[in-house]
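# Examination of the molecular architecture
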Amino acid sequence: MAQSPLPTLEDLRTAKGGAWLWDGGRGRIVWANAAGIALFDCQSVFDLIDRPFDAREEGVKAVAELTQTLERSEVRQVLLHFPSAGLVAPLSCQCNIHSLADGRPGLLVVQIGAELPKAEPTAEAALAAFSQMPFAAAFISDTGEILSRNAAAQSMFAAPDLMTLLTTADRAETCLQRLQATNLTSSVETITSAMGLREARLTLQRLNSDALPFAFLLLEDVTERRKLEREMVLVPTPVQLPSNSDGIAFEALARTLKDTIQKDSQAQKTPEAKVPPLAPQQKTVADVIPLTITRALEQTGTALAIRKNGSPAYVSPKAVELFGFNEAAPLLADTVFWDSLESLSVTQSEAPLNFSNRQPVTVKVEVSTIPWLSGPARQYIFGSIKAEPVPSIEPPSVPNVQHARVDEDLKSILDIASDGILTLDRDGKILSFSAGAEAIFGYRIAEVLETPLLDLLAPESHKLFKDYLTGLESPGLAAVFNDGREMTAIVKQGGTVPLFLTLGRLQSSNPRAAYAAVLRDITSWKRTERELREAKDSAEEASRQKSEFLARISHELRTPLNAIIGFSEVMRLGQFGDIKNEKYRGYVNDIHASGGYLLSLINDLLDLSKIEAGKMELNFTAVSVADATEHAMRLLQDTATRGRVLVRRSFAEKLPRVVADLRALRQVMLNLMSNAIKYTDPGGQVIVSAQLTQKGELALSIKDTGIGMSEAQIKDALEPFKRIETLGRETQGTGLGLSLTKALVEANRARFDISSETGRGTLIEIIFPTTRVLAE
């Protein structure tokens, strides 16, 4: 029978039950349908996306675990509990993997089962909610009389009607007329409150019913916010705003913007007329820069100036420092400086700049056009000031011994480093070459000086190197923070060498040095990486061959073993005549027992290899741990009776079922109870119990009063083919029982815990997490 296709988001959009797409790794919901939004008490999907969840909450933990453990095509039914959303009972949901927008796996959760009826709010509940609202609210009549108000409104104002509240009857009448025409009106009004005259957002909603009051009133105090908005209005001079006017601020701003636009239009019509520079206190709106933009320009650390319509607009602190000023105001007012900038062309790179009260300087300037507040502006980015030669007769120069010694020491330090250290110009040509670089490439510095570093790299690394340089030229973070690149170098001796190259921009006294490059030979790292990869592939291949061998050999051995067991069983029962010789009868019994033991061993080996290879086929269904325990107790009752061991069961009432493979769980219980009976002295007890923990997990435990084990013996018992030798006690076994049992438990997504003490018995616990426990 073909498997039904998994639901899509479009299919679930109009579903009656809730549906959510979880980003399990981050513990957030990224999509939900209308029912899912309402279930979490949200107004829109954006409210639900913004909602944070506690990673320790049971439902969120289960979603994260399912995102990691579910296969792509697997569908699983689980219970998810979200107490933080006000959900008292867990939700029965169907889960499957669904890819997120960035390709990562997400978890699509669809609510299943009957819908719970929602209780309609009573009139008493609605009245209590109205009274406890944090906002001032009231009901009014069609004449403006205030009929009732909540607690917040009582503490805010005491006016009996709308006319008294709004201080004038005209404003109250205007609001009521608007309400008659539109059903909803909102405006900012000056109200009489307990704290005096305040500005408040007044919202009136008409109630279209004869049995209800005429309208609903909502008040929000906006006095402080309006004051802050007035302070942020960009006008040439401060404007005094009357407290009882709600439109003067916007009218003043509109008039100012209109005047500014007219001035800009006149300036564009007469380009030959130069606008005189404005003093800082005479700036127009177009020259005022928002604080966020100013901070962003200052954080770049770039010396720049901006000119708009012939007038200075901005000078960065770095430019003020570069030209030797203490503050920006004198430089903004220096008309000679701005006139020299105006004469520069876009392509000019190095030019003299003049000042009104100091010597001119030659500086590298990059000129570009940028978008500005009311049209394009001209931007100037300054480099370092070029030192001007001073004509003078100097005595014969004496070498600066100290400076030369520092340079020599620095070169010696760089030469000691095993990494290659280079300096490059803006075109990527080599200016310096350390001893480490000579050892890597095999070239002397004289052979590669002024040679592009690109010539020393393999062709497949050329594009990567060019992109690296381009990224460093950009003004973004890539120019400051980079993690290097892996490239391949061509060495003089022949062949190639893998390198790790890190580039960075330089602020050097040498005007040509633009970049510093650090090269590291990673040949040994690549060799180690290759060896580790080969070892991993070899181990995986060996595991695959082992699994294939065990599968084939078990198939080949089972056929003759089944014949041996079957024929020996016929001989044991004497179906074709009795065996009169007692020795022959004993031999037949031994053959039958040995064949059964060998077949059990082969089955255990095959199961263990399948689990290790991840190919164990498990049929997950709703399983009762009580039934699985009863099955094991019936099979082992004779063994317990012969050993005079009491086996007891203690299960909680109404124990829920778990999601597990029935055959595997029965085998687990057989192995554990058989071991407990085998290693318990006559007169001892084996107690099997199960109960729900406070976290909602199901704990199944097997406790015996046997000989117990030490820590070292527990470690050996969990290893395949290791048997624990106990003095005075010889038991048959292969050493696979406990290791296979632990593997089967973990394959069923449960946790296996063991604790023991020599002479005091052993306790083994199997913990099924909440995602594997079903609600009854």
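Just above sits the structure.
Here, residues in each chain are numbered from 1, in the same order as that chain's written sequence. Owing to the predicted nature of the model, reporting of local features is limited to residues with pLDDT of at least 70; listing and counting of side-chain atom pairs is limited to 80 or more, with chain, interface and lining totals taken over all residues. The side-chain quantities take in all heavy atoms of the structure and omit both hydrogens and water.

For helices the rule is a DSSP run of H or I covering at least 4 residues; for strands it is a run of E covering at least 2, with both sets numbered from the N terminus onward. Scanning the protein from terminus to terminus reveals 24 helices and 27 strands. Under the scheme applied here, a residue whose accessible area is under 20% of the maximum for its type counts as buried, over 50% as exposed, and between as partly exposed, the area being computed with a 1.4 Å probe on protein chains only. Taken over 776 residues, the protein has a buried fraction of 36%. A sequence separation of at least 24 residues applies to 51% of the contacts in the protein between residues at least 6 apart. Just so you have it, the protein exposes about 46,400 Å², and 55% of that area is on carbon and sulfur atoms. By definition, residues are in contact when any of their heavy atoms lie within 4.5 Å. Using a 1.4 Å probe, accessible areas were evaluated by the Shrake-Rupley method; residue-level cover was limited to the displayed protein chains.

Below, the discussion takes up the side chain of E57. By secondary structure assignment, the location of E57 is in the loop between α3 (45-50) and α4 (58-69). Here the positive residues are Lys and Arg and the negative ones are Asp and Glu; neither His nor the chain ends is included. The rule for a salt bridge is simple: a side-chain nitrogen of Lys or Arg has to be within 4 Å of a carboxyl oxygen of Asp or Glu. Within the buried core, E57 has no salt-bridge partner, and the shortest N-O distance to an opposite charge, that of R51, equals 6.7 Å. Nitrogen and oxygen atoms within 3.5 Å of one another constitute a polar contact, given that in protein one can donate a hydrogen and the other can accept it, and given that sequence-neighbouring residues count only through two side-chain atoms. A distance of 3.0 Å separates the side chain of E57 from the side chain of S84, its partner in a polar contact. If we skip the residues at most four places from it in the chain, E57 touches H81, F82, P83 and S84.

Nine residue types can take part in a nonpolar core, namely buried Ala, Val, Leu, Ile, Met, Phe, Trp, Tyr and Cys, and a core is a set of them joined through side-chain atoms within 4.5 Å. Ranked by internal contacts, the top residues of the largest apolar core, which has 44 residues, are V625, F651, L672, M673, L700, I766 and F768. The element contributing the most residues to this core is helix α22 (residues 662-678), with eight residues. Among residues more than four places away in sequence, those in contact with L700 are V625, T629, F651, M669, V688, S689, A690, I764, E765 and I766. Membership of the second largest hydrophobic core comes to 27 residues, among which are F433, F441, L469 and Y515.

To estimate the expected span of a helix, count its residues, drop one, and scale the result by 1.5 Å. With 12 residues, helix α18 (residues 462-473) ought to run about 16 Å at 1.5 Å a step, and its terminal C-alpha atoms sit 17 Å apart, in line with that. Looking only at α18, the buried set comprises F465, Y468, L469 and L472. One face of α18 carries all of its buried residues, which in axial projection span an arc of 95°. The exposed residues of α18 that point more than 90 degrees off its buried face are K463 and T470. If you follow the buried residues of α18, they end up packed against β16 (420-424), β18 (485-490), β19 (496-505) and β20 (515-521). Working definition: the arc comes from the directions between the helix axis and the C-beta atoms, pointing outward to the latter.

What follows concerns the packing of aromatic side chains. Aromatic pairs are defined between Phe, Tyr and Trp rings, using the six-membered ring for Trp, whenever the two ring centres lie within 6.5 Å; interplanar angles under 30 degrees are classed as stacked, those over 60 as edge-to-face, and all others as tilted. One pass over the full model with this rule turns up 16 aromatic pairs. Seen in terms of ring centroids, F337 and F355 are 5.3 Å apart; in terms of plane orientation they differ by 10°. Their pairing is stacked. Taken together, the residues F337 in helix α14 (residues 335-342) and F355 in the loop between β13 (350-353) and β14 (361-372) connect sequence positions 18 residues apart. F337 gets classed as buried once you look at its relative accessible area, which sits at 1%.

For the rest of this paragraph, the subject is the state of the cysteines. When the sulfur atoms of two cysteines come within 2.5 Å, that pair is taken as a disulfide. Summed over all chains, the structure comprises zero disulfides. With no disulfide of its own, C93 lies closest to C95 among cysteine sulfurs, the gap being 5.8 Å. By relative accessible area, C93 is classed as buried at 0%.

This brings us to the sheet that holds β19. Two strands qualify as a pair provided DSSP detects at least 2 bridges between them. Pairing is antiparallel in the open sheet, where five strands are placed in the order β17-β16-β20-β19-β18. The open sheet is flanked by β17 (430-433) and β18, the only strands paired with a single partner. Averaged over all neighbouring strand pairs, the angle between strand axes comes to 35°, with direction disregarded. Strands in contact with α18 are β16, β18, β19 and β20; relative to β19, the strand with the most contacts, it is inclined by about 10°. Between N-to-C directions, angles span 0 to 180 degrees; the directions come from axes that are lines fitted to C-alpha atoms, helices contributing only their stretch in contact.

Position of I602 among the secondary structure elements: in helix α20 (residues 582-613). For the pair I602 and I553, spaced 49 residues apart in sequence, the C-alpha to C-alpha distance is 8.8 Å.

For L454, the location among the structural elements is in the loop between α17 (445-448) and α18. When its relative accessible area of 19% is taken as the criterion, L454 is described as buried. Between the C-alpha atoms of L454 and K429, which are 25 residues apart in sequence, the distance is 8.3 Å.

With respect to burial, strand β6 (residues 136-140) is a largely interior element, four of its five residues being buried. Sheet topology places β6 next to strand β10 (residues 215-221); five bridges connect them, and they run antiparallel. By the bridge assignment for β10, I140 is matched with A215. Bridging between β6 and strand β7 (residues 146-149) involves three bridges; their strand directions are antiparallel. Paired with I140 across the bridge in β7 is I146. Between β6 and β7, which pair antiparallel and follow one another directly, the connecting turn spans five residues, one of which, G144, has a positive phi of 95°.

Buried residues dominate strand β12 (residues 311-315), accounting for five of its five residues. Where strand β11 (residues 304-308) lies against β12, four bridges are found, and the strand directions are antiparallel. Paired with I306 across the two strands is Y314, which belongs to β12. Counted along the chain from β11 to the antiparallel partner β12, the turn is two residues long, and its residue N309 has a positive phi close to 55°.

With that settled, the discussion passes to the sheet that holds strand β4 (residues 91-99). Whenever strands of a sheet pair, they do so through backbone hydrogen bonds, lying parallel or antiparallel. In spatial order, the strands read β2-β1-β5-β4-β3; together these five strands make up an open sheet with antiparallel pairing. Sheet topology places β2 (28-32) and β3 (75-80) at the edges, where each strand pairs with a single neighbour. Strand-to-strand, the axes of this sheet are offset by a mean angle of 35°, without reference to chain direction. Bridge count for β4 against strand β5 (residues 105-111) is seven bridges, and the pairing is antiparallel. Bridging across to β5, I97 finds its partner in L107.

Let us now look at unusual backbone geometry. Leave glycine aside and you will find that most residues have negative phi; peptide bonds, for their part, are mostly trans. Here D41, not a glycine, exhibits a phi torsion of approximately 60°, which is positive. Inspection of the secondary structure assignment puts D41 in the loop between α2 (34-39) and α3. Its identity as a non-glycine residue notwithstanding, E450 has a phi of 65°, on the positive side. Along the polypeptide, E450 turns up in the loop between α17 and α18. Among the residues examined, E450 registers a relative accessible area of 36% and is labelled partly exposed.

Take the packing of helix α21 (residues 625-642) against α22 next. A pair of packed helices is characterised by two quantities: the angle between their axes and the separation of those axes. α22 packs onto α21 with a crossing angle of 40° between their chain directions and a minimal axis gap of 9 Å. When the interaxial angle is binned, α21 and α22 end up oblique. Considering how the two elements wind past one another, α21 and α22 form a crossing that is right-handed. Of the residues in α22, those touching α21 at V625, A628, T629, H631, A632, M633, L635, L636, T639 and A640 are L665, R666, M669, L670, M673, S674 and I677. Partitioned by chemical class, the residues of the contact of α21 with α22 number 12 nonpolar, four polar and one charged. In this scheme, roughly parallel covers angles under 35 degrees and roughly antiparallel covers those over 145, while 65 to 115 is roughly perpendicular and the rest are oblique. In this scheme the handedness of a crossing depends on how the near helix is turned from the far one: anticlockwise by less than a right angle means left-handed, clockwise means right-handed. Ten residue types, Ala, Val, Leu, Ile, Met, Phe, Trp, Tyr, Cys and Pro, are classed as nonpolar, four, Asp, Glu, Lys and Arg, as charged, and the remainder, Gly among them, as polar.

With that out of the way, let us pick up the pattern of salt bridges. Using the criterion set out here, one finds 23 salt bridges in the structure. For E438, the salt bridge is made with R444, and the minimal N-O distance between the two is 3.2 Å. Using a relative accessible area of 16% as the deciding quantity, one classes E438 as buried. In this structure, E569 engages R572 in a salt bridge whose closest nitrogen and oxygen atoms are separated by 3.0 Å. A residue pair is termed a helical-turn pair when its members lie 3 or 4 positions apart in one helix, as E569 and R572 do in helix α19 (residues 523-573) at three residues. Owing to a relative accessible area of 25%, E569 belongs among the partly exposed residues under this scheme.

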